[in-house]
Amino acid sequence: MNQGDEWNVAEANAINEQEMMQYIADKTKASQANIALVLKHEQAYINKAHENAKGNDVDIDGDDLADYILSRKDVKLDELTVESILDAEMDYLMDKGHAGYID
């Protein structure tokens, strides 16, 4: 993810999680366990952002998200791996029409 890019994940419904996990694994060569761990922390971060937004649209800064994930005690991955997983997930979601970047 480019520095300063913000992204908004829209409607996570109807996402084939298994297909997405395989897509991310193919692009990043990360293990399924590491992908699941990153995505679990990402979801927690997004859920908290939604709670704080009180019904408004939520913009997520990719750098802040990566920093949050890397700060979790159970994450033993390097920054490049975490960012690669997040980038691959975003590529998948954009390909499927579930997400997009905000200028």
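That block above? That's the structure.
These remarks concern the structure in this document.

Conventions used here
- Residues numbered from 1 in each chain as written.
- Predicted model: local features only at pLDDT ≥ 70, side-chain atom pairs only at ≥ 80, totals over all residues.
- Heavy atoms only, no water.
- Salt bridge = Lys/Arg side-chain N within 4 Å of Asp/Glu carboxyl O.
- Helix = DSSP H or I, 4+ residues; strand = E, 2+ residues; numbered from the N terminus.
- Buried < 20%, exposed > 50% of the residue type's maximum accessible area, 1.4 Å probe, protein only.
- Core = buried A, V, L, I, M, F, W, Y, C linked by side-chain atoms within 4.5 Å.
- Contact = heavy atoms within 4.5 Å.
- Phe/Tyr/Trp six-rings, centres within 6.5 Å; stacked < 30°, edge-to-face > 60°.
- Axes fitted to C-alpha atoms, helices over the stretch in contact; angles between N-to-C directions.
- Parallel < 35°, antiparallel > 145°, perpendicular 65-115°, else oblique.
- Left-handed = near helix turned anticlockwise from the far one by under 90°.
- Nonpolar A, V, L, I, M, F, W, Y, C, P; charged D, E, K, R; others polar.

1. A look at the pattern of salt bridges
Within this structure, the stated rule accounts for 3 salt bridges. Salt-bridge contacts for Glu-19 lead to Lys-96; the nearest nitrogen and oxygen are separated by 3.5 Å. Of this pair, Glu-19 sits in helix α1 (residues 17-28) while Lys-96 is found in the loop between α4 (79-95) and β3 (99-102), placing the two residues 77 residues apart along the sequence. Looking at Lys-96, the relative accessible area reads 44%, which means it is partly exposed. Note that Asp-91 and Lys-27 form a salt bridge whose closest N and O atoms lie 2.7 Å from each other. Taken together, the residues Asp-91 in helix α4 and Lys-27 in helix α1 connect sequence positions 64 residues apart.

2. Quick notes on the nonpolar core
In this structure, Ile-35 and Val-82 are the most contacted members of the largest nonpolar core, which totals 28 residues. Of all the secondary structure elements, the ones that give two or more residues to this core are α1, α2 (32-53), α3 (62-70) and α4. Residues within four places of Val-82 in sequence aside, it is in contact with Val-38, Ala-66, Ile-69, Leu-70, Val-75 and Leu-77.

3. Points about the packing of aromatic side chains
In the structure shown here, the tally under the stated rule is 2 aromatic pairs. Between the aromatic rings of Tyr-23 and Tyr-92, the centroid separation amounts to 5.4 Å while the plane-to-plane angle is 55 degrees, which identifies the pairing as tilted. With Tyr-23 in helix α1 and Tyr-92 in helix α4, this residue pair connects regions lying 69 residues apart in the sequence. Exposure remark for Tyr-92: the relative accessible area of 4% places this residue in the buried category.

4. Regarding the packing of α3 against α4
Between two packed helices, what matters for the description is the angle formed by their axes and the separation of those axes. Relative orientation of the contacting elements α3 and α4 amounts to 125 degrees, with a least axis distance of 10 Å. Put simply, α3 runs oblique to α4. The handedness of the crossing between α3 and α4 comes out as right-handed. Within the contact between the two elements, α3 uses Asp-63, Leu-65, Ala-66, Ile-69 and Leu-70 and α4 uses Glu-79, Val-82, Glu-83 and Leu-86. Per-class residue counts for the contact of α3 with α4 are 6 nonpolar, no polar and 3 charged.

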